[in-house]
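# Tertiary structure, described
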There are 2 protein chains.
Amino acid sequence: MGKEFLNLMDPDEVKKIIDSLNMERKIERINLSDAYQRVLAEDVHALIDLPPFNRASMDGYAVQAQDTFGASEDNPIILNLIEKIRAGDSPSKEVQKGTCSEVGTGAPLPAGADAVVMVEVTDIQNDKVEIMEAVAPGTNRALQGSDIEKGQLLMEKGTLLTAAKIGALSAVGLKEIPVFAKPIVAVISTGNELIKPEEELKHGKLYDINSESISNAVKSCGCTPLASTIVKDDYDSIKNRIDSYKDADVIITSGGTSAGAGDILRQVVEDMGKILVHGISVKPGKPTLIGTLPDEGGNVVLFGLPGYPVSALMIFHGFVAPFLRGIAGVNEFMEKKESRSLKLGRRYHSARGRSHFVLVKIEGNIAHPILKDSGAITALAEADGYFEVPKNVEIMEKGEQVKVQSLSGL
Amino acid sequence: MGKEFLNLMDPDEVKKIIDSLNMERKIERINLSDAYQRVLAEDVHALIDLPPFNRASMDGYAVQAQDTFGASEDNPIILNLIEKIRAGDSPSKEVQKGTCSEVGTGAPLPAGADAVVMVEVTDIQNDKVEIMEAVAPGTNRALQGSDIEKGQLLMEKGTLLTAAKIGALSAVGLKEIPVFAKPIVAVISTGNELIKPEEELKHGKLYDINSESISNAVKSCGCTPLASTIVKDDYDSIKNRIDSYKDADVIITSGGTSAGAGDILRQVVEDMGKILVHGISVKPGKPTLIGTLPDEGGNVVLFGLPGYPVSALMIFHGFVAPFLRGIAGVNEFMEKKESRSLKLGRRYHSARGRSHFVLVKIEGNIAHPILKDSGAITALAEADGYFEVPKNVEIMEKGEQVKVQSLSGL
């Protein structure tokens, strides 16, 4: 059993190191129907004009506007109906002086017509249409290409594909689109004490928590988790498991980073690649390790989280999540929504010299700090979010505003 | 072609009618690994104590605290090491007066020991451990059940299952959990003019947008969309298609609600069930229809949205989404995160007497209204969110605060 061997770094320094890790973004083509919440990887230009044809934007009669000049309720003008055109039809007759065609909203405007008179200001008997209001040329008509012309930029690379944006892409008939591939993140829980759900709980054993909590947190960052089985805390088991995930973009382990675990993960990463960080002056999560492992396609980034579930999740949110959102291309969208300014529900004492991540339960606009040690599981059951106390702050007063990061991922 | 036949209702009245539609929430049991962002449907109690055994919360030596009283760096106390216990081990020896066992963080505390001395204040030579700091009974020890006892409430019905909460559930060894079933929502686009992506675009035809935009918007409300193929605008086609989706919880159609479409949807719903709303005094989306269709298991709710994609999406967000989130059990979580207070980027003119839903593009804390008609597809491409102008407001000034609902769904 070793003693303290960490080289504690300032959180800001660690964040700089993480920011400097660059990772090539892969692009894949997927069906538009699978594109929800993905990020567009290339600019998309309109493949067709929108609307694709001159069309009526109201139910009514397609006319030559000039025919209607002077029309009023007292003095209706009579036009001969020559055709009925519904949305989806293709007109077969040209509207000439003295004639009109019935059009539904969205129907193509027949040749010759330059305006639509709303049905509400007309009357019809047999094939004679009474027009009771004059219209100017262009009224209730949308010209081909007036929304966007073929070839114009429809949507920029980097756009988050919401329901509305997917609708806009489907308007030009696209079936497949280029999006950033979701980074693959292997999630490995290490520990001789860990067992899987529904296994028998023998003395000294614990149900594995981090496989589930970290895998789901990975999903919330727009990445795809690969959940591993539990790995024993010995050099060969850990090295072999890490080796088997060298195709992943990122590997996240938990456990095995503290002095008592015999420093195994550190040895493995040193032998396989390079240690960038081992020890962060934060609470909880001090013994965190960050390294890179060389691979054909560049480096695999490895984050070694502490084993305690609260510590693992806090370090994930504070350091790993921004990196994952960045390589997934969803950072700017998530950051916009994730933090809320809330009032602290009670006085909070921190320790100078280390940043603190504090879990909170949210009630209305109050954030109640959860004052349990990082081994407490019920803290996870209660937590709605967390805030960070900077290292130079010792006391935060009740009622002070804190910037709370949500844990909901919605 | 009919004329205006709508019975315009006030939006608040419509919302009340929607609120009064109750729908039984179904419960299903799923694997915990599939539970991300689902909603717990029953209270969950701890199946085991947490921690499940008395354990060390630090790396160090398990001792009888009394043995350490008086220990200091100048005056270390020597204890005989009798066993090494790592996390996951089961201790075999009892710690008695004058002895100690090495323990890793998370390792079970051996019988007889009542405290742990941190490794940092010890030294070891052969099997003699020098203790250089006194500890009180209970130091660095977590008692079995001290976090939560078997049988106590771990998580309440209605909890949104985040990464953290799933972690807490896995701590008690759960594999399956009860969650609210995702409501099934059939999405039907009607219109003779509509074609599928990659079909040839003939004159008068349009690529279908609403199937994609509404299906994805349904996903953002915690429901499962069933996308239908496109339906022609005639009585039998629409009635047969609606009939084929009577097993769904909700049916959403788009198109076929305006006067020009011949009032077909209204006739179908009248014949099959009951019209609750036909016409809302909002812009866009006036000709919206809401009805119920009787079914063995209660009523299927039908929302008939207008055909124009912007109108359809606005009515979806304003009226349908809160209903869907409600029956999916995710309303409170979504509403918390969805709206932001932003500054209006320019003066906006509305029309008294109708509520307006206005799409906006968001830049920083500015919401720029998108001033395009509801037939414009590029409005969907640009929109990040929308705000509502109440019916009694005619002008909103540049710089005024508006409550913007995000369309991102993240």
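Residues numbered from 1 in each chain as written. Chains lettered and ligands numbered in written order. Predicted model: local features only at pLDDT ≥ 70, side-chain atom pairs only at ≥ 80, totals over all residues. Heavy atoms only, no water.

## Some details on the domain arrangement of chain A
Spelled out, the test is: As used throughout, domain bounds are those supplied by an automatic or database domain assignment.
Here chain A is described as being made up of domain 1 (11–26 + 181–329), domain 2 (28–50 + 160–180), domain 3 (55–142) and domain 4 (338–406). On a C-alpha basis, the centroid separation for the pair domain 1 of chain A and domain 3 of chain A is 68 Å.

## Side note on the environment of Thr288(A)
Residue and element names in this part refer to chain A. Stated precisely, the cut-off is as follows: A run of H or I in DSSP becomes a helix once it reaches four residues, and a run of E becomes a strand once it reaches two; helices and strands are each numbered from the N terminus. Throughout this description, buried means an accessible area under 20% of the type-specific maximum (1.4 Å probe, protein chains only), exposed means over 50%, and partly exposed covers the range between. Under the rule applied, a polar contact is a pair of N or O atoms within 3.5 Å (in protein, one hydrogen donor and one hydrogen acceptor; residues adjacent in sequence only if both atoms are side-chain atoms).
Within the fold, Thr288 resides in the loop between strand 19 (282–283) and strand 20 (289–295). Judged by its relative accessible area of 1%, Thr288 falls in the buried class. The sequence separation of Thr288 and Val39 amounts to 249 residues, and the corresponding C-alpha distance is 30 Å. A polar side-chain atom of Thr288 sits 2.6 Å from the main-chain carbonyl oxygen of Gly285.

## What about the relation of the copies chain B and chain A?
Our working definition: For the least-squares superposition of copies, only C-alpha atoms count, and only for residues with pLDDT at least 70 in both. Residue contacts follow a heavy-atom distance rule, with two residues in contact if any of their heavy atoms lie within 4.5 Å.
Mapping chain B onto chain A calls for a screw motion: a turn of 180° about the axis and a shift of 0.0 Å along it, with 0.1 Å RMSD after fitting. Given the turn and translation reported, the copies of this chain are related as if by a two-fold rotation axis. Residue by residue, 100% of the interface of chain B is reproduced at the interface of chain A, so both copies engage with the same surface.

## Re the sheet that holds strand 5 (residues 77–85) of chain A
As a general point, the strands of a sheet are linked pairwise by backbone hydrogen bonds and lie either parallel or antiparallel. Residues and elements named next belong to chain A. Stated formally: Two strands make a pair as long as DSSP finds a minimum of two bridges between them. Angles shown run from 0 to 180 degrees and are taken between the N-to-C directions of axes, each axis being a line fitted to C-alpha atoms and, for helices, limited to the stretch in contact.
Ordered by their spatial adjacency, six strands build an open sheet running 7-4-6-5-9-8, and the pairing between neighbours is mixed. The two strands at the open ends of the sheet, each matched to only one other strand, are strand 7 (115–118) and strand 8 (122–125). With strand direction ignored, the average angle separating the axes of adjacent strands in the sheet is 40°.

## Some points on the packing of helix 1 (residues 11–19) of chain B against helix 7 (residues 309–328) of chain B
Residue and element names in this part refer to chain B. Applied cut-off: Comment on the angle field: the value is read as roughly parallel under 35 degrees, roughly antiparallel over 145, roughly perpendicular from 65 to 115, and oblique elsewhere. It is the rotation of the near helix from the far one that decides the hand of a crossing: anticlockwise by less than a right angle makes it left-handed, clockwise makes it right-handed. Residue polarity follows a fixed list, in which Ala, Val, Leu, Ile, Met, Phe, Trp, Tyr, Cys and Pro are nonpolar, Asp, Glu, Lys and Arg are charged, and the others, Gly among them, are polar.
One way to put it is that helix 1 packs onto helix 7 with a least axis distance of 10 Å and a crossing angle of 20°. Classified by the angle between their axes, helix 1 and helix 7 sit roughly parallel to one another. The interaxial crossing formed by helix 1 with helix 7 has right-handed handedness. Contact with helix 1, carried on its side by Pro11, Val14, Lys15 and Ile18, involves Gly318, Phe319 and Phe323 of helix 7 and no other residues of that element. Along the lines of polarity and charge, the residues of the contact of helix 1 with helix 7 split into five nonpolar, one polar and one charged.

## Focus on unusual backbone geometry
Here the residue pair Lys283(A) and Pro284(A) is connected by a cis peptide bond, since its omega of -5° sits within 30 degrees of zero. Between Leu50(B) and the following residue, Pro51(B), the backbone shows a cis peptide bond with an omega angle of -15°. Assignment of secondary structure puts Pro51(B) in the loop between strand 2 (44–45) and strand 3 (55–56). Positive phi, normally seen in glycine, also occurs at Gln37(B), with a value near 65°. Considering the arrangement of structural elements, one finds Gln37(B) in the loop between strand 1 (27–31) and strand 2. Overall, the relative accessible area of 25% leaves Gln37(B) in the partly exposed class. With a phi close to 50°, Asn126(B) is a non-glycine residue in the positive phi region.

## Regarding the packing of aromatic side chains
Residues and elements named next belong to chain A. Spelled out, the test is: In this analysis, rings of Phe, Tyr and Trp, with Trp reduced to its six-membered ring, are considered paired at centre separations within 6.5 Å, and the interplanar angle assigns stacked below 30 degrees, edge-to-face beyond 60, and tilted for intermediate values.
Scanning all chains against the criterion turns up eight aromatic pairs over all chains. Between Tyr348 and Phe387 the ring centres are 6.2 Å apart and the planes differ by 80°, which places this aromatic pair in the edge-to-face class. Here Phe387 lies in strand 26 (residues 385–389) and Tyr348 lies in strand 23 (residues 348–349), a separation of 39 residues in the sequence. Since its relative accessible area comes to 11%, Tyr348 is described here as buried. An aromatic cluster is present here, built from Phe319, Phe357 and Tyr386 joined pairwise through their rings.

## Overview of the pattern of salt bridges
Residues and elements named next belong to chain B. Note the cut-off: Any carboxyl oxygen of Asp or Glu that lies within 4 Å of a side-chain nitrogen of Lys or Arg is treated as forming a salt bridge with it.
Using the criterion set out here, one finds 22 salt bridges over all chains in the structure. The salt bridge involving Glu270 is made with Arg266; its shortest N-O contact spans 3.4 Å. Taken together, the residues span about one helical turn, with Glu270 and Arg266 both in helix 6 (residues 264–272) at a distance of four residues. Among the residues examined, Glu270 registers a relative accessible area of 42% and is labelled partly exposed. Overall, the relative accessible area of 22% leaves Arg266 in the partly exposed class. Between Glu397 and Arg347 there is a salt bridge, with the nearest N and O atoms lying 3.2 Å from each other. Separated by 50 residues along the polypeptide, Glu397 in the loop between strand 27 (395–396) and strand 28 (401–406) and Arg347 in the loop between strand 22 (339–344) and strand 23 (348–349) bring together distant segments of the chain.

## Section: the nonpolar core
Rules: Take the buried residues of types Ala, Val, Leu, Ile, Met, Phe, Trp, Tyr and Cys, join any two whose side-chain atoms come within 4.5 Å, and each joined set is a nonpolar core.
Counting 77 residues, the largest nonpolar core has Ile252(A), Phe303(A), Phe316(A), Phe323(A), Leu324(A), Leu169(B) and Ile177(B) as its most contacted members. In this structure Phe303(A) touches Ile18(A), Val250(A), Ile251(A), Ile252(A), Thr253(A), Leu289(A), Ile290(A), Val320(A) and Phe323(A), once residues within four positions along its chain are discounted. One finds Val179(A), Ile315(B), Ile327(B) and Ala381(B) within the second-largest nonpolar core, a separate group that totals 76 residues.

## A few points about the side chain of Asp67(B)
All names here are of chain B. By the element assignment, Asp67 lies in helix 2 (residues 65–68). Taking the relative accessible area as the measure of exposure, Asp67 reaches 11% and is therefore buried. A polar side-chain atom of Asp67 sits 2.6 Å from the main-chain amide nitrogen of Gly98.

## Let's talk about the pairing of strand 25 (residues 366–369) of chain B
Residues and elements named next belong to chain B. Burial along strand 25 is one-sided: Ala367 and Pro369 are buried, while Ile366 and His368, pointing the other way, are not. Sheet topology note: the strand 22/strand 25 ladder contains two bridges and is parallel. Across the sheet, Lys343 pairs through a bridge with Ile366, a residue of strand 25. As paired strands, strand 24 (residues 355–363) and strand 25 are joined by four bridges and run antiparallel to one another. The partner of Glu363 across the bridge, within strand 25, is Ile366.

## Considering the interface of chain B and chain A
Applied cut-off: Accessible surface is computed with a 1.4 Å probe, and the buried area is the amount of it that two parts give up when combined, taken over both parts together.
Listed per partner, the contact involves 96 residues of chain B and 96 residues of chain A. Carbon and sulfur atoms make up 59% of the area that chain B and chain A hide from each other, which totals about 8000 Å². Along the contact surface separating chain B from chain A lie two salt bridges. Here Asp384(A) makes a salt bridge to Lys165(B), at a shortest N to O gap of 3.5 Å.

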